[in-house]
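What follows is the residue order along each chain.
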Amino acid sequence: LTLYITSKTKTTEMAEYSSLNSLSFPMRAIYKTLPEYKVCILGNSHVGKSMMLRCLHGGGRSVTDENLSSTIGMDLLKHEVRGSSYHMQLQIWDTGGHERFRAITGNYLRNSHVVLLVYDITDMKSYESIPVWLELAQANVCGETLFMLVGNKLDLFEERVVGQFNANAFAMEHKMEYFECSASKGMNVLFLFNQIA
């Protein structure tokens, strides 16, 4: 099992530590007690889960899949979300979509606050696998976990094989919210994670 901490380099961590120490005591206390919420992203390989994290880390800008390979085990990104009435940190786990990683995935689902079930709108098999991922998640999380169904690759809408009506009906049946996005074009990715907050 390999973990890749993709959000911070050693240099930025040192800079943050230095910046944190320069704050007054009350401000350090606030910084350290920023509420953190665990988000797990599930779905088949090649549906764009890692692209979603790359897009989020880039501020919602368009990204390419150059030098991007399938996730082996788990990846982690920490992302701060701030609004007029909230400020929190999301601990986002990108899971390997291959079947051999599902036992590992089950372990990392524990204590998740949010689970994103991601499929590719141009790949019916990825959508048909969503019930399997949902069952895996439900077997490993607590009852108060929020589930969200996400159709990715919206930029390829002309090649769509999974209809919005069917996906939305599935989401409603299982009491999930439904979103569509394009990680490669930066469409709705920031909006999606702001909705989580």
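Just so it is clear, the model here is predicted, and its values are computed rather than measured.

**Focus on the environment of Leu34**
Piece 1. Tracing the backbone shows Leu34 in the loop between helix H2 (25-32) and strand S2 (36-42).
Piece 2. As for Leu34 and His87, which are separated by 53 residues in sequence, their C-alpha atoms are 7.2 Å apart.
Piece 3. When neighbours within four sequence positions are excluded, Leu34 is seen to be in contact with Glu80, His87, Met88 and Gln89.

**What to know about unusual backbone geometry**
Piece 1. One non-glycine residue with positive phi stands out, namely Asn111, at about 65°.
Piece 2. Counting through the fold element by element, Asn111 comes out in the loop between helix H4 (102-109) and strand S5 (114-120).
Piece 3. By relative accessible area, which is 62% here, Asn111 ends up exposed.
Piece 4. Of note in this structure, Lys175 is not a glycine but carries a positive phi near 60°.
Piece 5. Inspection of the secondary structure assignment puts Lys175 in the loop between helix H7 (164-173) and strand S7 (177-180).

**Comments concerning H7**
Piece 1. Restricting attention to buried positions, one finds in H7 the residues Ala167, Phe170 and Ala171. An end-on view of H7 places all buried positions within 100° of arc, on one side of the element. Along H7, the residues that are exposed and aim more than 90 degrees away from the buried face are Phe165, Met172 and Glu173.
Piece 2. Of the surrounding elements, those touching the buried residues of H7 are S5, helix H5 (124-128), helix H6 (130-138), strand S6 (146-152) and S7.
Piece 3. The first or second residue beyond H7 is Lys175, which carries a positive phi of 60°.

**Thoughts on the environment of Leu76**
Piece 1. Tracing the backbone shows Leu76 in strand S3 (residues 74-82).
Piece 2. A sequence separation of 16 residues divides Leu76 from Ile92, and the C-alpha atoms of the two residues are 5.7 Å apart.

**Details of the packing of helix H3 (residues 49-57) against helix H8 (residues 189-196)**
Piece 1. Close contact between H3 and H8 brings their axes to 9 Å; oriented N to C, the two are set at 90°. Viewed along their axes, H3 and H8 adopt a mutual orientation that is roughly perpendicular. Only Val189, Leu190, Leu192 and Phe193 of H8 make contact with H3, whose side of the interface consists of Met52, Cys55 and Leu56.
Piece 2. Taken together, the residues that form the contact of H3 with H8 break down as 7 nonpolar, no polar and no charged.

**Comments concerning H8**
Piece 1. Listed as buried for H8 are Val189, Leu192, Phe193 and Ile196. Looking straight down H8, one finds that the buried residues subtend no more than 90° of arc, so they occupy a single side.

**Considering the side chain of Asn152**
Piece 1. Along the chain, Asn152 turns up in strand S6.
Piece 2. Excluding residues within four positions of it along the chain, Asn152 makes contact with Val47, Gly48, Met52, Val118, Tyr119, Asp120, Ile121, Cys181, Ser182 and Ala183.

**Remarks on the pairing of S7**
Piece 1. The pairing of S6 with S7 spans 4 bridges and is parallel. The residue bridging Gly151 from the neighbouring strand is Glu180, located in S7.
Piece 2. The β-α-β motif built from S6, the intervening H7 and the parallel element S7 has right-handed crossover chirality.

Thresholds, definitions, all that
Residues numbered from 1 in each chain as written. Predicted model: local features only at pLDDT ≥ 70, side-chain atom pairs only at ≥ 80, totals over all residues. Heavy atoms only, no water. Helix = DSSP H or I, 4+ residues; strand = E, 2+ residues; numbered from the N terminus. Contact = heavy atoms within 4.5 Å. Buried < 20%, exposed > 50% of the residue type's maximum accessible area, 1.4 Å probe, protein only. Arc of directions from axis to C-beta. Axes fitted to C-alpha atoms, helices over the stretch in contact; angles between N-to-C directions. Parallel < 35°, antiparallel > 145°, perpendicular 65-115°, else oblique. Nonpolar A, V, L, I, M, F, W, Y, C, P; charged D, E, K, R; others polar. Pairing = 2+ DSSP bridges. Right-handed = clockwise from strand over helix to strand, strands pointing away.

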